[in-house]
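For reference, the chains in residue letters:
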Amino acid sequence: MCNQSIQAPAASFIEMEVVHWLRQQLGFQVPSEYTTVTEIGGIMTAGGCLSNTVGMMAARESLFPGSGLTGLPVVASKIRERASGHHLLACVAYAGDSRSMGIDNLHDIGVVLRKNKVWFHVDACHGSQLAFSRTHRHRIRGIEEADSVTIDPHKVLWIPYMCSFALLKDPKSLANISTNSDLILKTQWSLGQITPCIGSKAFDALKLWATIKYFGRSGIETLIDTRLALTKAFQDEINRHTEVVLLNETDINACMFIFMPQSLHQGSRISAKDVEMLNECNLFIKTSILESGDALVHGFNLKRCSHHLLPEDKVVYVLRTINGNPLTTAGHLKEILDTVVDLGHQFYSNGRASVELRD
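As the structure is a prediction and not an experimental result, all values here were calculated from the model. (Residues numbered from 1 in each chain as written. Predicted model: local features only at pLDDT ≥ 70, side-chain atom pairs only at ≥ 80, totals over all residues. Heavy atoms only, no water.)

Trainee: What should I look at first to understand the nonpolar core in this one?
Mentor: For soluble globular proteins, the rule of thumb is that nonpolar side chains tend to be buried together. By size, the foremost hydrophobic cluster in this structure holds 55 residues, and its most contacted members are Leu22, Leu106, Val122, Val149, Phe165 and Leu208. Those elements that place two or more of their residues in this core are helix H1 (9-26), strand S1 (42-45), helix H2 (48-63), helix H5 (106-115), strand S3 (119-123), strand S4 (148-151), strand S5 (164-168) and helix H8 (205-240). Counting residues per element, this core draws most heavily on H1, at 7 residues. Not counting chain neighbours up to four residues away, the residues in contact with Leu106 comprise Ala93, Tyr94, Ala95, Phe120, Val122, Ile140, Arg141, Gly142 and Ile143. Ile238, Met277, Leu333 and Val341 belong to the second largest nonpolar core, which has 24 residues in total. (Core = buried A, V, L, I, M, F, W, Y, C linked by side-chain atoms within 4.5 Å. Buried < 20%, exposed > 50% of the residue type's maximum accessible area, 1.4 Å probe, protein only. Helix = DSSP H or I, 4+ residues; strand = E, 2+ residues; numbered from the N terminus. Contact = heavy atoms within 4.5 Å.)

Quick look at the structure:
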């Protein structure tokens, strides 16, 4: 139980050490030594949604000091009205959105927000992996200026779920939303004092600590660089193929694409009827691969797709791979691509398949 120093002091210090290391990777300042738990500047949470919530709680407290205890100084129905006039709670930028893995221009966004004194939160659940690579770190330039950052090692560092962190640039921001309960010990290193929405918890930080100790920084960097190189190679392979269309130039490790038969490559946008059949085809491909058990290809509806062959106002069902397994090779990805094409040909050869398109 990591929150109670009298029961598991080692667990508390391991979590603190992991937070210290993660803050260093992002470029946040870290002290040479700590005197109290409120100086740590980060906590482990139950997942990215909660970590983002912690960031928003800190933003609210920054704009409306004391609101955690007394509530907002305006009624709920007036919050939007007031925000539109003078108060912006926060701006949330993506360092790897959950669909295309695109990264916002963190540096320029940060400049504007600092000028206007608006809280800057970065959802880096996926993009935080770039902080471990000297080759690719420039893609998240500006993240070190964020007021709060969410990272999910269970998404990008081979850690079993759950393992998420909310990191605050100024540790005092976390202390301002700390727990005020007689149930939490007020000892020097009691993490329960700075973990809103979390009471006692397991020794989950051990997973990341062990990974860090085993691979080291250079080992993690090598794995990340290899992952991104493989992703780039897969994108290049897709671009060379005449019947697979790449829909994103990812900043990280995802490839979003669709199968599109050569007959639809006529230079102009395809019709709504063609989109409907194309969606059924790609859903058929995803379902068939998943049922085979040979690979995992994700599929989802994209409400707006900026590709010159696709109508901008039509939902497109897209396929996506995320390269995360360090044992994945270029040969494996080529097999996936060949399977996508074979299944696409099978669908169009047999006419409309009886596959229901799900939301």
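Trainee: Where do I start with the sheet that holds strand S2 (residues 90-94) in this structure?
Mentor: Hydrogen bonds between backbone atoms are what pair the strands of a sheet, whose relative direction is either parallel or antiparallel. Spatially, 5 strands are ordered S1-S5-S4-S3-S2 in an open sheet, and the strand pairing comes out mixed. At either margin of the open sheet sits one strand with a lone partner, and together these are S1 and S2. Along the sheet, successive strands turn relative to each other by an average axial angle of 20 degrees, direction set aside. Relative to S4, S3 runs parallel, the two sharing 3 bridges. Its bridge partner lying in S4, Asp123 is registered against Thr150. This element, H1, spans S1, S4 and S5 of the sheet and lies at about 65 degrees to S5. (Pairing = 2+ DSSP bridges. Axes fitted to C-alpha atoms, helices over the stretch in contact; angles between N-to-C directions.)

Trainee: Explanation requested: the packing of helix H9 (residues 272-292) against helix H10 (residues 330-349) in the structure shown.
Mentor: H10 packs onto H9 with a crossing angle of 130 degrees between their chain directions and a minimal axis gap of 9 Å. In terms of axis orientation, H9 runs oblique to H10. Regarding H9 and H10, the two cross each other, and that crossing is right-handed. Contacts between H9 and H10 involve Met277, Leu278, Glu280, Cys281, Phe284, Ile285, Ser288 and Ile289 from the former and Thr339, Val340, Leu343, Gly344, Gln346, Phe347 and Tyr348 from the latter. Class assignment of the residues belonging to the contact of H9 with H10 gives a composition of 10 nonpolar, 4 polar and 1 charged. (Parallel < 35°, antiparallel > 145°, perpendicular 65-115°, else oblique. Left-handed = near helix turned anticlockwise from the far one by under 90°. Nonpolar A, V, L, I, M, F, W, Y, C, P; charged D, E, K, R; others polar.)

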